[in-house]
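Here's the letter readout for the chains.
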Amino acid sequence: MKRNANEIMSAKKPSDIFSMNPDTIEQEKDDYIEQFKPKAYNTIQNFLIQQQVTLLYRQALNEFKKGGKISLDTSSIVLTDISGNTIEFCYNYTSNMKIGTMYVTDKNVLFVINSKYEKYYKNYISKTKHFPKLDKKMSSIVQYMLPKVSKHFETNTGDFVIILDKPCTTIYPLRELLNYFDGKIKSEYVASILTRLYYFVSYLDLIGITHNAITVDNLFFSPGKTVEEGSSFTVEDMRIVGVFGGWFFSTSSHEKICGLPKEIHEILPHEVKLHGYSSFKVDELSIKKVARELLGDSTGNNLENVPEAFSKWINNNSVALNSYEEFKKWEKVIIQSYGKHRFVDMDVSID
């Protein structure tokens with residue numbers, strides 16, 4: 001009863017695409033995954049289909065468990081707070097951090113922080129407690145990029161938990177997307193991601209914060225799609241770059257840095273290394289490092305199919321006097337590289 005792409009994406013329950021036979025469902029899932037591996041066209045669409053198949057597969061396993069039909073591990077974590085209240089999350093992605101572990105579910109992002117890193121837990125909560133609204137355009141862009149903490153608590157084992165609400169169901173760890181594309185994403189898409197990150201850093205600079213940990217592993221991505229002018233749309237239709245991880249290391253502008261991911265420490269400007277105070281330049285250089293990694297070569301020495309202006313930009317370690325001037329320079333690079341600003345759907349080949 002194999003279903004096509006449209007049937008999979010419109011499915012509301014596991015039985016819409018699976019036989020619901022506990023003995024065959026894993027093979028059915030594997031067949032779907034094999035069917036929608038990356039191809040020359042519609043690669044982002046295939047990624048979304050795989051995510052949908054996996055989601056429905058997990059839902060099926062949970063139904064089987066509740067019915068006593070199987071006892072398979074559905075990748076869940078059980079957390080108990082110091083008052084004895086217990087909550088369980090079934091996750092589909094996990095990533096180790098130096099200070100703990102990140103778990104991603106269909107609706108949430110969880111950070112479980114080791115007890116000895118309490119100061120980083122507290123820093124995340126304090127820096128994300130309130131985000132001022134600025135002008136309408138910037139606020140409309142960055143509102144979904146910022147973490148929305150719905151709950152945080154200490155566990156009965158002394159660890160600390162932060163739970164975020166995802167802005168939409170179709171937002172995924174950027175690392176997962178990069179892995180799907182075998183470590184290399186087309187330059188047009190990377191440019192789109194960078195534009196949003198430059199808005200983000202400009203916003204932080206205006207409110208007096210430096211993130212200090214803009215890395216591929218701390219970013220999330222929702223591809224979005226073109227919406228005809230005048231048509232209604234939801235957040236599910238928007239292209240979003242979520243900066244949900246890394247706030248453990250954020251500082252107020254010109255505050256002493258309390259810690260950094262190793263990969264950020266390697267690219268620190270000389271003055272930051274010398275004096276230890278944060279600077280918007282840390283985030284600006286981090287964006288360029290993210291770009292090099294997304295384009296398939298973190299060194300920037302062997303980039304392929306990348307416009308010359310784009311390549312020069314992300315390999316240049318100089319930074320403008322402020323984030324606004326840096327953003328203006330980036331927009332000139334966009335014009336030099338692609339002729340104009342345009343939204344490129346990621347489910348359409350641009351070769």
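Refer to the structure presented above.
The rules behind each value
- Residues numbered from 1 in each chain as written.
- Predicted model: local features only at pLDDT ≥ 70, side-chain atom pairs only at ≥ 80, totals over all residues.
- Heavy atoms only, no water.
- Helix = DSSP H or I, 4+ residues; strand = E, 2+ residues; numbered from the N terminus.
- Buried < 20%, exposed > 50% of the residue type's maximum accessible area, 1.4 Å probe, protein only.
- Contact = heavy atoms within 4.5 Å.
- Areas by Shrake-Rupley, 256 points an atom, 1.4 Å probe, with all protein chains shown as cover.
- Polar contact = N/O pair within 3.5 Å; in protein donor to acceptor, adjacent residues only side chain to side chain.
- Core = buried A, V, L, I, M, F, W, Y, C linked by side-chain atoms within 4.5 Å.
- Phe/Tyr/Trp six-rings, centres within 6.5 Å; stacked < 30°, edge-to-face > 60°.
- Pairing = 2+ DSSP bridges.
- Axes fitted to C-alpha atoms, helices over the stretch in contact; angles between N-to-C directions.

Visitor: Tell me about the overall build of the protein chain, and name the residues and values.
Guide: Within the protein chain, the regular secondary structure consists of twelve helices and twelve strands. A burial count over the protein chain gives 51% of its 351 residues as buried. For the protein chain, restricting intrachain contacts to residue pairs at least 6 apart in sequence, the fraction spanning at least 24 positions comes to 66%. Only carbon and sulfur atoms are counted for the fraction: they give 48% of the accessible area of the protein chain, which is about 17500 Å².

Visitor: Explain the side chain of Asn 123 residue by residue, including any values.
Guide: Here Asn 123 shows up in helix H4 (residues 118-127). At a separation of 2.9 Å, a polar atom in the side chain of Asn 123 contacts the main-chain carbonyl oxygen of Ser 250. Ignoring any residue separated from it by four or fewer positions in sequence, one finds Asn 123 in contact with Trp 247, Phe 248, Phe 249 and Ser 250.

Visitor: Account for the nonpolar core, with residues named and values stated.
Guide: Counting 75 residues, the largest nonpolar core has Leu 197, Phe 310 and Trp 330 as the members making the most contacts within it. Residue contacts for Phe 310: discarding those within four places in its chain leaves Ser 187, Val 190, Ala 191, Leu 194, Leu 295, Trp 330, Val 333, Ser 337 and Tyr 338. Counting residues in hydrophobic clusters, the runner-up holds 15 residues, among them Phe 18, Ile 25, Tyr 32 and Ile 49.

Visitor: For the packing of aromatic side chains, give the residues involved together with the corresponding values.
Guide: For the structure on display, the rule yields 22 aromatic pairs. Seen in terms of ring centroids, Tyr 199 and Phe 327 are 4.7 Å apart; in terms of plane orientation they differ by 90 degrees. Their pairing is edge-to-face. Of the two residues, Tyr 199 sits in helix H7 (residues 187-207) while Phe 327 sits in helix H12 (residues 323-338), which places them 128 residues apart along the sequence. With a centroid separation of 6.0 Å and 90 degrees between ring planes, the pair formed by Phe 200 and Trp 247 is classed as edge-to-face. With Phe 200 in helix H7 and Trp 247 in the loop between strand E11 (240-243) and strand E12 (251-252), this pair connects stretches of sequence that are 47 residues apart. According to the relative accessible area criterion, Phe 200 is buried, its value standing at 0%. Take Trp 247: its relative accessible area is 0%, and that puts it in the buried class. The rings of Tyr 198, Tyr 199, Phe 310, Trp 313, Phe 327, Trp 330 and Tyr 338 are connected pair by pair, giving a single aromatic cluster.

Visitor: How would you explain the pairing of strand E2 (residues 86-90) if you had to name every residue and give the values?
Guide: Of the pairings in the sheet, the one linking strand E1 (residues 76-80) to E2 comprises five bridges and is antiparallel in character. Within the sheet, the bridge partner assigned to Val 78 lies in E2 and is Glu 88. Linkage of E1 to E2, two consecutive antiparallel strands, is achieved through a turn of five residues, within which Gly 84 is found at a positive phi near 95 degrees.

Visitor: Break down the sheet that holds strand E4 (residues 100-104) for me, citing the residues and quoting the values.
Guide: The five strands lie next to each other as E3-E4-E5-E7-E6, forming an open sheet whose pairing is antiparallel. At either margin of the open sheet sits one strand with a lone partner, and together these are strand E3 (93-97) and strand E6 (149-154). Within this sheet the neighbouring strands show an average axis-to-axis angle of 15 degrees, counted without direction. With five bridges joining them, E3 and E4 adopt antiparallel strand pairing. Note that in E4 the partner of Asn 96 across the bridge is Thr 101. Of the strands in this sheet, strand E5 (108-113), E6 and strand E7 (160-165) are in contact with H4, which crosses E7 at around 25 degrees.

Visitor: Can you tell me about the side chain of His 211, naming the residues and giving the values?
Guide: Relative to the helices and strands, His 211 is located in the loop between strand E9 (209-210) and strand E10 (219-222). Judged by relative accessible area, which is 0%, His 211 ranks as buried. A polar contact of 3.5 Å, which involves the side chain of His 211, links it to the backbone nitrogen of Ile 214. Here Gly 245 takes part through its backbone oxygen, which lies 3.0 Å from a polar atom of the side chain of His 211. When neighbours within four sequence positions are excluded, His 211 is seen to be in contact with Phe 200, Leu 204, Val 243, Gly 245, Gly 246, Trp 247, Phe 249, Ser 250 and Asp 283.

Visitor: Account for the environment of Ile 99, with residues named and values stated.
Guide: Inspection of the secondary structure assignment puts Ile 99 in the loop between E3 and E4. Given the relative accessible area of 4%, Ile 99 is considered buried. In the structure, Ile 99 is positioned 19 residues away from Glu 118 in sequence and 9.4 Å away in space, judged by C-alpha atoms. Ignoring sequence-local partners within four residues, the contact set of Ile 99 consists of Val 112, Ile 113, Asn 114, Tyr 117, Tyr 120 and Phe 248.

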